[in-house]
Amino acid sequence: MLNKIKVTDIELSQGIATIEGLENYDELQGLVRLFGTPIGYVKVPVKAGKVTDQTLSQIILEQHNNQIISQLLHNGLATPATKSSGWRFEDLLTLSPPEYKGSLPLVSVAICFSDRISDLTITLNSLKHLDYPYLDILVVDNTPDGKAEIVVTTQYPHLRYIRELCPGIDWARNRAILEAKGDIIAYTNSGVLVDSEWVKALVKVFAEDANVMAVTGLVTPAELETESQILFEKNGGLSRGFETKHYQIAPEGKMPPAFLCSPEMFGTGFNMAFRRSIFTEIGYFNPALDADADVQGNGDLEMFLRLIKEGHSLVYEPSALVRHQECRSYNEMRAHSKNNAGICSALLCSAINYPDERLPIFRMGLVKTVAHLVNFLRSLFKANPSSVDLVLAEIEDWLISPINYLKAREKTAEILVEKGFSLIKTPEKADPQPTRKPKGSRAVRVLELNQQIEAIADATDYANTRIFVTRNGSAIGYIDIANYYQSISISRLQAALVEKFGLTLLEPDADANIDFLKADAIAALIQQYEGKRKKEEGIETEGLPANISVSVVVGTCDRPEDLRKCLLSLMAQTSRQIRPVEIIVVDNRPETRSASRVLVEFPDVEFIKEERSGASYARNAGIVVSTGDIVVTTDDDTIIPPDWLEKLIAPFARPEVMAVTGNVLPAELTARSQRLFEGYGGGGLSRGYKQFEGNREWFDSFRLHSVPTWLFGGTANSAFRANIFCYPEIGLMDEALGPGMPSGVGEDTYLFYKIMKAGHTIVYEPSAFVWHTHRRDIADLGRQLHNYSKGGVSYHLTTLINDGDLRAIFGILLEMPKWYAGRIIKRILGWTDDPILIILKEIIGYLAAPWSLWQSRLRVNREGFSSPYIPVEQRTTTSSELK
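S.K.: Looking at this structure, I do not really get the overall build of the protein chain. What am I missing?
M.R.: When you go through the protein chain residue by residue, the secondary structure sums to 27 helices and 24 strands. In the protein chain, which comprises 883 residues, the proportion classed as buried is 54%. Counting contacts in the protein chain only where the partners sit at least 6 residues apart, residues at least 24 apart contribute 73% of the total. For the protein chain, the computed accessible surface area is about 38,600 Å², with 54% contributed by carbon and sulfur atoms.

Next comes the structure, spelled out in structure tokens:
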């Protein structure tokens, strides 16, 4: 039994509030909207009858930050003022999309009714709230006894009541075409609740692009109260996503396989609109596809396929939103599965009308038949027995629906002649216009960002257009649009700009670092939606008391210029005005004296030397002399934003948190080696932009995999409660691991391993980011990745030897070889440009790791272990006063 899910809207521009009164629900599904535009869903468990604003804001920003950023950029491009005053992301946060100022045509809204009066009443009541001045609303009653007449004529006298005696929704749709007065016909069904902006969103698409002949929109569930409704939604529901999509093919072109395989991607008859004139050109809906209960053929999908095949444009616009009370009972789910199977009839109809598509449709039919059989086999292993029954019913209907359609075709042929309908117009093809260029041709145009974006109407002789984008006359890139001999609308240009350039639209610098911009944008979103909430509730944004002291340990190794930049950024930390902060620099190559010369410029920084080579030795030396309640580690080749330290230590307000790590972003990507490294492992040193955490439960969840502690990052950006270093089960960093030792790396991942194994929590906080300077030389990159491979094996061997963790065997013998094999295959296929010699160096490092770890252990035995960490209150001699 599936428990009820509360469905609601969450409008970000109005603030995120706690949702209460959910005692009868186990989960909340929120439709996130930004100035009315749907962004996506969030699903949140209900606790104590509510979902808090804190939980909502965190999940929304984690799951939908990209969509929110894109929508804000769309709003900015559509607003002239943002161009004249310059681009700042913070200015976009409260910028709503501009109102459409053009002329508004008369729109005929057709409600096709065939079932329950209660459903019809729901729909008609929702129509009262439409925010559109020029409406012609028709109720097309397709019931045999005309049961809607009394309700419509008495309770809704301002609506037009029309009776269609021929059974089938496509007869009702065709009758609406004949009766409609508006230039645009918007269709929906009884049982649908339309959004107040529904018609306006549809009209806006038609008005901005004269080439668009059909628009479909988003269909979301109005409720998820029954098990059937929840199962229906889990199986995909009626939503087609939250991105605007343009569907079109070249004149006389063939349909892409994806269009034929999944024509449901175009939308649904519950929410569709057409220019009324298109039906005189391509014909009416085919009523043989929805003639009776045995023929559910998706006449709406066949119309979409036909419209696109005839060279017209269809747009899916999620802002045109309706809600549907879908499948409240098992019988309704069964009827919908029959409707899904009717796609086969729609494809058969298209194959009859378009001989050049018959072979591709036949192939797609075979593919979907196999998919149905696979789905049946999968359903056999599911716990819910009704799903097996539904899949079997769908397979049955899939196989017999074409036969039923062919029979229905004969029955409806005579009626069609009587009513004067033409299912499809097949006029002789006009000769190609003499000015048209070949299909492979490409127009070239220029778009200046600092000027108002205008539609491109002078590229109609070309099938494709390349638009070079400039800022202040300097080119920053280009976008390609397949316009198929039609003009290109403003909205389409804006969408292409956001998709191609994203946040770089905000930055005049042509070499802007997208990671920098993304991190800053997410920080602004957090401040907008979480900071505002905390301020309104009187909550301090800094969760850690000001009396908690911090020691920052910086390891350096003969990089004086990098060290100077790092220290300058550390001295600028806002934390120094909030709490006691000491900065400790540990020179791991003191014989060069380069660090000591830099430290002359920073008298407030404590300077110590560690002659034993190795990052673990150096960090341990700094940790041992530190006096802060929290110990932070970073490297000399990082540059640090002013608010980094406060963000990094904020999670320590929770007593169970013993370590926090942050994001590491590239300070530059100018050299090829830097770009290659940033692609290594899916993002270089970055671990993404979503906060997450690990604890003993997470640690134990990997039963047949090694524990991926590397997901938390590294000690280039990490913080620890100082007292964990005196816990016997944790201790200091393992001196045999890490840079500077034969083993390569692994000191940080093993420390994270020990912390979680001991039952403590580690938090990854992406808003606490630092900039890191990657290796600028290919040879240096090769050595670095060689050490990474040695360190990976060394980490696994250490957990196996020291902790008896047999999962390490999976890491060494299965996961790492699979990783190398994948890199080699991708390189051979040309999917990456990683130098093959670097990959070979990684493999050599993998093979050399056991010997290297043994050598590291021998070296530590010779040179000795680090002095133990002693809590400050237990030290016999006090450290110098915190700076």
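S.K.: Explain the confidence of the model for the protein chain to me, please; I cannot follow it from the model alone.
M.R.: Do not read the fine detail of predicted coordinates wherever pLDDT is low. Of the residues in the protein chain, 89% have a pLDDT of 70 or more, and the chain-wide mean is 86. This model gives residues 538-542 a pLDDT under 50, and the stretch forms four contacts once residues within four places in sequence are excluded.

S.K.: Sorry if this is basic, but what is going on with a nonpolar patch on the surface here?
M.R.: On the surface, Val444, Val446, Phe468 and Tyr478 cluster together to form a nonpolar patch covering roughly 350 Å² of accessible area. By secondary structure assignment, the location of Phe468 is in strand β14 (residues 464-471).

S.K.: I tried to follow the sheet that holds strand β2 (residues 27-34) on my own but got confused; where do I start?
M.R.: For sheets, the rule is that strands pair by backbone hydrogen bonds, running either parallel or antiparallel. Pairing is mixed in the open sheet, where three strands are placed in the order β1-β2-β3. Among the strands making up the open sheet, the edge pair consists of β1 (5-11) and β3 (37-45). Pairs of neighbouring strands in the sheet enclose a mean axial angle of 20 degrees, with direction left out of account. Two elements, β1 and β2, share seven bridges in a ladder whose sense is parallel. Looking at the pairing, Ile10 lines up with Val32 of β2.

S.K.: Help me understand the nonpolar core, please; the structure alone is not making it clear to me.
M.R.: The nonpolar side chains of a soluble globular protein tend to be buried with one another. In terms of nonpolar packing, the biggest core is built from 51 residues, with Ile68, Phe89, Ile479, Leu493, Leu497 and Leu525 touching the most fellow members. With nine residues, the single largest contributor to this core is helix α1 (residues 53-78). If we skip the residues at most four places from it in the chain, Ile68 touches Leu12, Leu34, Ile39, Ile60, Leu61 and Leu525. Counting 43 residues, the second largest nonpolar core, distinct from the first, contains Ala110, Ile278, Phe285 and Met364.

S.K.: Help me out: how do you make sense of the environment of Glu582 in this one?
M.R.: Structurally, Glu582 is set in strand β17 (residues 581-587). For the pair formed by Glu582 and Ser626, sequence separation is 44 residues and the distance between their alpha carbons is 8.0 Å. Here Ser551 takes part through its side chain, which lies 2.4 Å from a polar atom of the side chain of Glu582. In this structure the side chain of Glu582 is engaged in a polar contact, spanning 2.7 Å, whose partner is the backbone nitrogen of Thr627.

S.K.: Explain the pattern of salt bridges here, please?
M.R.: When charged atoms on two side chains of opposite charge get close, those side chains can pair. Within the structure shown, the criterion is met by 38 salt bridges. For the salt bridge of Arg612 with Glu610, the shortest nitrogen-to-oxygen distance reads 3.0 Å. Given the relative accessible area of 9%, Glu610 is considered buried. Each member of the salt-bridge network shares a partner with another, and the members are Asp9, Arg33, Asp195 and Arg323.

S.K.: I tried to follow the packing of aromatic side chains on my own but got confused; where do I start?
M.R.: By convention here, two paired aromatic rings are described through the distance between centres and the angle between planes. Applying the stated criterion across every chain yields a total of 28 aromatic pairs. Seen in terms of ring centroids, Phe720 and Phe752 are 6.4 Å apart; in terms of plane orientation they differ by 25 degrees. Their pairing is stacked. Of this pair, Phe720 sits in strand β23 (residues 717-721) while Phe752 sits in helix α24 (residues 747-757), placing them 32 residues apart in sequence. With respect to burial, Phe720 and Phe752 carry one shared label: buried. Aromatic pair Tyr750 and Tyr753: ring centres 5.8 Å apart, planes at 25 degrees, arrangement stacked. Taken together, the residues Tyr750 and Tyr753, both in helix α24 and three residues apart, mark about one turn of the helix. Each member of the pair Tyr750 and Tyr753 is classed as buried. Cluster of aromatic residues (ring-pair linked, three or more members): Tyr187, Tyr247, Phe259, Phe266, Phe274, Phe279, Tyr284, Phe285 and Phe304. Across the ring face of Phe501, the terminal group of Lys500 is positioned such that the distance to the ring centre comes to 5.6 Å.

S.K.: Help me out: how do you make sense of the sheet that holds strand β15 (residues 474-482) in this one?
M.R.: With mixed pairing, three strands are arranged side by side in an open sheet as β13-β14-β15. Across the chains shown, the open sheet's two edge strands, defined by having one partner strand only, are β13 (442-448) and β15. For this sheet, the mean inter-axis angle between neighbouring strands, taken without regard to orientation, is 25 degrees. In this structure, β13 lies alongside β14, joined through seven bridges in parallel fashion.

S.K.: Would you explain the pairing of strand β5 (residues 135-141) in this entry?
M.R.: In regular strands, side chains alternate between the two faces of the sheet. Most of β5 sits inside the fold, with six of its seven residues counted as buried. Sheet topology places strand β4 (residues 107-113) next to β5; seven bridges connect them, and they run parallel. Pairing of Ile111 across the sheet is with Val139, part of β5. The handedness of the β4 to β5 crossover, carried by helix α4 (residues 117-127), is right-handed. With four bridges connecting them, β5 and strand β6 (residues 160-163) associate as parallel partners. When the sheet's bridge partners are listed, Asp141 is paired in β6 with Arg163.

S.K.: I keep staring at the side chain of Asn483 and nothing clicks. Help me out?
M.R.: Relative to the assigned elements, Asn483 resides in the loop between β15 and α16 (490-501). Apart from residues lying up to four places away in sequence, Asn483 is in contact with Gln248, Ala459, Tyr462, Ala463, Asn464, Thr465, Ile488 and Arg492.

S.K.: What am I meant to see in the packing of α24 against helix α25 (residues 778-803) here?
M.R.: For any two helices packed against each other, the geometry is given by the interaxial angle and the distance between the axes. Look at α24 against α25: their axes get within 10 Å of each other, and the N-to-C directions meet at 40 degrees. With respect to α25, the element α24 is oriented oblique. Note on packing geometry: the crossing formed by α24 with α25 is right-handed. When α24 is examined against α25, the residues Thr749, Tyr750, Tyr753 and Lys757 are found in contact with a partner set consisting of Tyr795, Thr798, Thr799, Asn802 and Asp803. Residue composition of the contact of α24 with α25, by class: three nonpolar, four polar and two charged.

Rules used throughout
Residues numbered from 1 in each chain as written. Predicted model: local features only at pLDDT ≥ 70, side-chain atom pairs only at ≥ 80, totals over all residues. Heavy atoms only, no water. Helix = DSSP H or I, 4+ residues; strand = E, 2+ residues; numbered from the N terminus. Buried < 20%, exposed > 50% of the residue type's maximum accessible area, 1.4 Å probe, protein only. Contact = heavy atoms within 4.5 Å. Areas by Shrake-Rupley, 256 points an atom, 1.4 Å probe, with all protein chains shown as cover. pLDDT = per-residue confidence, 0-100. Patch = residues over 30% accessible without salt bridge, like charges linked within 9 Å, V, L, I, M, F, W, Y side chains within 5 Å. Salt bridge = Lys/Arg side-chain N within 4 Å of Asp/Glu carboxyl O. Pairing = 2+ DSSP bridges. Axes fitted to C-alpha atoms, helices over the stretch in contact; angles between N-to-C directions. Core = buried A, V, L, I, M, F, W, Y, C linked by side-chain atoms within 4.5 Å. Polar contact = N/O pair within 3.5 Å; in protein donor to acceptor, adjacent residues only side chain to side chain. Phe/Tyr/Trp six-rings, centres within 6.5 Å; stacked < 30°, edge-to-face > 60°. Lys NZ or Arg CZ within 6 Å of the ring centre and 35° of its normal. Right-handed = clockwise from strand over helix to strand, strands pointing away. Parallel < 35°, antiparallel > 145°, perpendicular 65-115°, else oblique. Left-handed = near helix turned anticlockwise from the far one by under 90°. Nonpolar A, V, L, I, M, F, W, Y, C, P; charged D, E, K, R; others polar.

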